[in-house]
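Residue-level structure breakdown
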Protein chains: 2
Amino acid sequence: MDDGRVLTIGEFSRLTHLSVRTLRRYHDAGLLEPASVDDVTGYRSYSTDQIPVAQVVHRLRELDVPLAEVRTILRTDDPDTRARLVADHLRRLESELARTRAAVVSLRRLLEPDPAPVDVELRAVPAVTVAAVAADVSHDDVLAWYAGAMAELDAAVPVPSGPPGGLYDDALFQHGRGHALVYRPTDRPATVGRVHPVTLPAVELAVTTHTGEHDDIDVTYGRLGSWVVANTLAVAGPVRETYLVGPRDTPDPSAWRTEIGWPVFRVAVP
Amino acid sequence: MDDGRVLTIGEFSRLTHLSVRTLRRYHDAGLLEPASVDDVTGYRSYSTDQIPVAQVVHRLRELDVPLAEVRTILRTDDPDTRARLVADHLRRLESELARTRAAVVSLRRLLEPDPAPVDVELRAVPAVTVAAVAADVSHDDVLAWYAGAMAELDAAVPVPSGPPGGLYDDALFQHGRGHALVYRPTDRPATVGRVHPVTLPAVELAVTTHTGEHDDIDVTYGRLGSWVVANTLAVAGPVRETYLVGPRDTPDPSAWRTEIGWPVFRVAVP
DNA sequence: GTCCACCCTCCCCCCGGGGGAGGGTCCAGC
DNA sequence: GCTGGACCCTCCCCCGGGGGGAGGGTGGAC
């Protein structure tokens, strides 16, 4: 493919359907360098060879691939690596799609008139030592991290003495990063890989149970929060979830049951 | 639901999983006003009644509903109107999804090694008077506009003398808005509703044919562009598409054939 | 009375562009 | 050779939906 003629930025723009402005930005970002730049006038020149490259960029941007990542994709001339990077992004899009669907479901439920009164129990929980995996995670990764950690726990704790659970720091929700811990109770916790014995402190918990998928678990959180405040309590410490019935127990999401426990303490009544 | 206690912004933040920062922003945006604000200290106070509202906002934001639209949704207390607004946004998400899928398909094709050499014909087209619908449209609306205009054309032109086509101004691709015109050739063009007789000027066209869905029509555009430049021609005027075989002819997308014609003129060879 | 967590406002940063100002350059027609 | 207009350049500000952090005021538990 010989470049019979060099193109001005305007011509190149018309041929690629990328705006002149955007082409200049891509140049500045080191993403699509013009074939040459006149030192005196600063005029950019493009070659026809660059049309397919520009189209790849166009497509990747349509998929909301960040410019920086487009750059790395283009810099890689190994087609396998390139395909992998693209596939990674496609996976991200898939999970984004799943998130969107979950939000839609939950929104529908939220807009329905509020039916069920919340059923909350105040429960004193003693300190207990469990087998746990803990880490600082970001909110986006927490699901994947949870799956891995729970698999490791299952391998390390052949005979659990109760349903698994998790503790989630508030910062995880507030700032997208925070401490998370998943555990299985067992009589003989030991250290295996990432699994360590951890003693969960005694707390007083306001406990309610969420039934069904986790898509709209925030609704249950909200009801629990209202109850806590109405009963002149305040929240202190990470939330505790206990997975009474989950995907490991039954494939039917409507049968899942998750206990949510919020550590509370009594507020002086004014 | 009585508000037993007022909450500080921090407490409200923990109960709703919205960051303090975000709550302040929502206040500034007139989206989620605190129950009261202390005139002296500026401290915001929230009521437990606002927890469900905050959750609705949270969900809508997860769906990327702009703050301004969230505000209108909340201001409307008619549940039907509210449901309609939400449904509108869901439709937008759906089309976004379709766009993403199309981009994925096209990207896959683009990353494959370039197989087919392009088959371009240079063709002198005489001026012709057709029945046409024209408008300034935005790129996002062009598909919907096209469908409506073509339906109106079909009604107004019972006996067309050839396949339908369209002319698309370059600004439409460059800046998201521009002039578009769809037409059906006929022996007796008349004015009916939005349909008017229009004389398309004589041009010299570089013509190639795109086969299949329009998802990756830009690839064909790119090949055509390369050919045009390689043959020392330049582009002048709106692109012309002719829908030889389309959805109206067969439901099988792989059989669709779209002729793309780019008005060109010869460039002086240096 | 002191400490510390909490709250306030204000300003700058991120991304991927668009809009526009203000000025230089190229080329066709006269 | 001159002029007009299309084209090109850089630079700065704008958008939305927040995050990070500075600098300072408040409230309540000890």
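This report concerns the structure included in the present document. (Residues numbered from 1 in each chain as written. Chains lettered and ligands numbered in written order. Predicted model: local features only at pLDDT ≥ 70, side-chain atom pairs only at ≥ 80, totals over all residues. Heavy atoms only, no water.)

**Thoughts on the environment of A:Arg71**
All names here are of chain A. Mapping Arg-71 onto the fold places it in helix H4 (residues 67-75). Separated by 61 residues in the primary sequence, Arg-71 and Ala-132 have C-alpha atoms spaced 40 Å apart. Not counting the four nearest positions on each side in its chain, Arg-71 is found in contact with Ala-29, Gly-30 and Leu-31. At a separation of 2.3 Å, a polar atom in the side chain of Arg-71 contacts the main-chain carbonyl oxygen of Ala-29. (Helix = DSSP H or I, 4+ residues; strand = E, 2+ residues; numbered from the N terminus. Contact = heavy atoms within 4.5 Å. Polar contact = N/O pair within 3.5 Å; in protein donor to acceptor, adjacent residues only side chain to side chain.)

**Comments concerning unusual backbone geometry**
Note on backbone geometry: most residues besides glycine have negative phi, and most peptide bonds are trans. Positive phi values are uncommon outside glycine, yet A:His17 reaches one of about 60 degrees. When you line up the elements, A:His17 lands in the loop between helix H1 (9-16) and helix H2 (20-28).

**Some details on the pattern of salt bridges**
Throughout the structure, instances matching the rule amount to 18 salt bridges over all chains. Two residues, A:Glu259 and A:Arg123, come together in a salt bridge whose shortest N-O distance is 3.1 Å. Residue A:Glu259 is found in strand E12 (residues 257-266), and its partner A:Arg123 is found in strand E4 (residues 121-125); the two are separated by 136 residues along the sequence. For A:Glu259, a relative accessible area of 15% puts it in the buried group. Between B:Arg184 and B:Asp154 there is a salt bridge, with its nearest N and O atoms 3.4 Å apart. Placement of the pair is B:Arg184 in strand E7 (residues 177-185) and B:Asp154 in helix H6 (residues 142-156), with a sequence separation of 30 residues. (Salt bridge = Lys/Arg side-chain N within 4 Å of Asp/Glu carboxyl O. Buried < 20%, exposed > 50% of the residue type's maximum accessible area, 1.4 Å probe, protein only.)

**Observations concerning the protein's contact with DNA strand D**
Of all residues adjacent to DNA strand D, which total 18 residues, the nearest are A:Gly10, A:Arg24, B:Arg21, B:Arg25 and B:Tyr43. Among atoms of DNA strand D positioned within 4 Å of the protein, sugar and phosphate together represent 64%. For DNA strand D, a phosphate oxygen lies 2.3 Å from a polar atom in the side chain of A:Arg24. For the surface near DNA strand D, the elements supplying multiple residues, two or more each, are H1 of chain A together with helix H2 (20-28) of chain B. The leading source of residues in the surface near DNA strand D is H2(B), at four residues. Split by residue class, the surface near DNA strand D holds six nonpolar, seven polar and five charged. (Near = heavy atom within 4 Å. Nonpolar A, V, L, I, M, F, W, Y, C, P; charged D, E, K, R; others polar.)

**Re H2(A)**
All names here are of chain A. Turning to H2, its buried residues are Leu-23, Tyr-26 and His-27. Angular distribution of buried residues about the axis of H2 spans 105 degrees; they occupy a single face of the element. In H2, those exposed residues whose orientation departs by more than 90 degrees from the buried face are Arg-21, Arg-25 and Asp-28. In this structure, the buried residues of H2 make contact with H1, strand E2 (36-37), strand E3 (44-47), helix H3 (50-62) and H4. Positive backbone phi, at 70 degrees, marks Gly-30, one or two positions downstream of H2. (Arc of directions from axis to C-beta.)

**Concerning the interface of chain A and chain B**
Listed per partner, the contact involves 49 residues of chain A and 50 residues of chain B. Per-residue buried area on chain A facing chain B is highest for A:His17, A:Arg59 and A:Val229; these three make up 15% of the total on that side. At the surface where chain A touches chain B, the tally comes to zero salt bridges. Here chain A and chain B share two residue pairs in polar contact (both at pLDDT 80 or more) between them. Elements represented by at least two residues in the side of chain A that touches chain B include exactly H1, H3, helix H5 (79-111), helix H7 (170-174), helix H8 (217-230) and strand E10 (233-235) of chain A. It is H5(A) that provides the largest number of residues to the side of chain A that touches chain B, a total of 14 residues. (Buried area = accessible area lost by both parts, 1.4 Å probe.)

**Quick word on the packing of aromatic side chains**
In this structure the tally under the stated criterion is eight aromatic pairs over all chains. Relative to B:Tyr243, the ring of B:Tyr146 lies with its centre 5.6 Å away and its plane at 80 degrees, an arrangement referred to as edge-to-face. You can see B:Tyr146 sitting in helix H6 and its partner B:Tyr243 sitting in strand E11 (residues 239-245), a full 97 residues away along the chain. Note on B:Tyr146: relative accessible area 22%, which makes it partly exposed. Residue classification places B:Tyr243 among the buried positions, given a relative accessible area of 10%. Through a chain of ring-to-ring contacts, the aromatic side chains of A:Phe173, A:Tyr221 and A:Trp262 assemble into a single cluster. (Phe/Tyr/Trp six-rings, centres within 6.5 Å; stacked < 30°, edge-to-face > 60°.)

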